[in-house]
Amino acid sequence: LLELGNRYHRIKQLPRAKQTYEAYLALAEAKNDLSGKGQAFTRLGDLARDWGKAKEAIGHYKEALTLAEAHGTKAAQASILSNLGLAYQESNDIGRTWLALRYAERAIGAAEEARSAKSLAFAHYKLGLLLRRQKKWDKAKNHIEEARQLFGAIGNMTMMQRSRRMTERLAEERASSGFLS
């Protein structure tokens, strides 16, 4: 069911994806499958973000994070923390932008504890995206560059190229903004 929900999500059949994720969550709850529940909440959070429902996404990610902290891995925590940071940023609540950075920074710490280069690469990339949205160009560039190097080291050429393009975009945005950083 989870993979079916992912497929619906990829082809932008969002209502069907939501129904499928909710069915997966119900099944995981019936089986007392904590990992499954965490995956379902994470996917529901991703879906809510794609729908532009940041506050709903935050709720789902918090549920997933609670489960990951109690029963999951540090790598899972890193991913959820990064996504939670993005959701806080997307909520457009000026008073909570500091929370976005706090969660993203915690994601890097969790990825380091997990000793997972993949998790660390994505955590740096997502923190770079947050910093970009806050127009903190130099800090964003540093994190995107770190992600690019890590993606190269683990052989994820797609994300390495995406990171390279993001670094170029950051330089263009910084130059056109008139801000020093």
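In the block above lies the structure referred to throughout.
Residues numbered from 1 in each chain as written. Predicted model: local features only at pLDDT ≥ 70, side-chain atom pairs only at ≥ 80, totals over all residues. Heavy atoms only, no water.

Q: Summarise helix H5 (residues 74–90); cite the residues concerned and give the values.
A: With 17 residues, H5 ought to run about 24 Å at 1.5 Å a step, and its terminal C-alpha atoms sit 24 Å apart, in line with that. For H5, a buried count of 12 out of 17 residues is recorded, marking the element as mostly surrounded by other parts of the structure. Looking at the buried side of H5, the elements it contacts are helix H3 (34–50), helix H4 (54–71), helix H6 (97–114) and helix H7 (117–133). Two residues or fewer after H5 comes Asn92, characterised by a positive phi angle close to 60°. (Helix = DSSP H or I, 4+ residues; strand = E, 2+ residues; numbered from the N terminus. Expected span 1.5 Å × (residues − 1). Buried < 20%, exposed > 50% of the residue type's maximum accessible area, 1.4 Å probe, protein only. Contact = heavy atoms within 4.5 Å.)

Q: A description of the nonpolar core should follow, citing residues and the corresponding values.
A: Judged by nonpolar contacts, the single largest core of 51 residues is most densely connected at Leu84, Tyr88, Tyr103 and Tyr125. Elements that contribute at least two residues to this core include exactly helix H2 (14–31), H3, H4, H5, H6, H7, helix H8 (137–154) and helix H9 (157–177). The dominant element in this core, judged by the number of residues it contributes, is H6, at 9 residues. Apart from the residues lying within four places of it in its own chain, the contact partners of Tyr88 are Ile58, Lys62, Arg96, Leu99, Ala100 and Tyr103. (Core = buried A, V, L, I, M, F, W, Y, C linked by side-chain atoms within 4.5 Å.)

Q: Can you tell me about the packing of aromatic side chains, naming the residues and giving the values?
A: Across all of its chains, the model carries 3 aromatic pairs by this definition. Centre to centre, the rings of Tyr88 and Tyr103 are 5.5 Å apart; their planes meet at 5°, and the pair counts as stacked. Within this pair, whereas Tyr88 is found in helix H5, its partner Tyr103 is found in helix H6, the two being separated by 15 residues in sequence. Each of the two residues, Tyr88 as well as Tyr103, counts as buried. Considering the side-chain rings of Phe122 and Phe151, the 4.9 Å spacing of their centres and the 75° angle between planes classify their relative orientation as edge-to-face. Taken together, the residues span a long stretch of sequence, with Phe122 in helix H7 and Phe151 in helix H8 at a distance of 29 residues. A network of ring pairs unites the aromatic residues Phe122, Tyr125 and Phe151 as a single cluster. Lying across the ring of Trp51, Lys53 places its NZ or CZ 4.7 Å from the centre. (Phe/Tyr/Trp six-rings, centres within 6.5 Å; stacked < 30°, edge-to-face > 60°. Lys NZ or Arg CZ within 6 Å of the ring centre and 35° of its normal.)

Q: How would you explain the environment of Ala175 if you had to name every residue and give the values?
A: Relative to the assigned elements, Ala175 resides in helix H9. C-alpha separation for the pair Ala175 and Asp50, spaced 125 residues apart in sequence, amounts to 29 Å.

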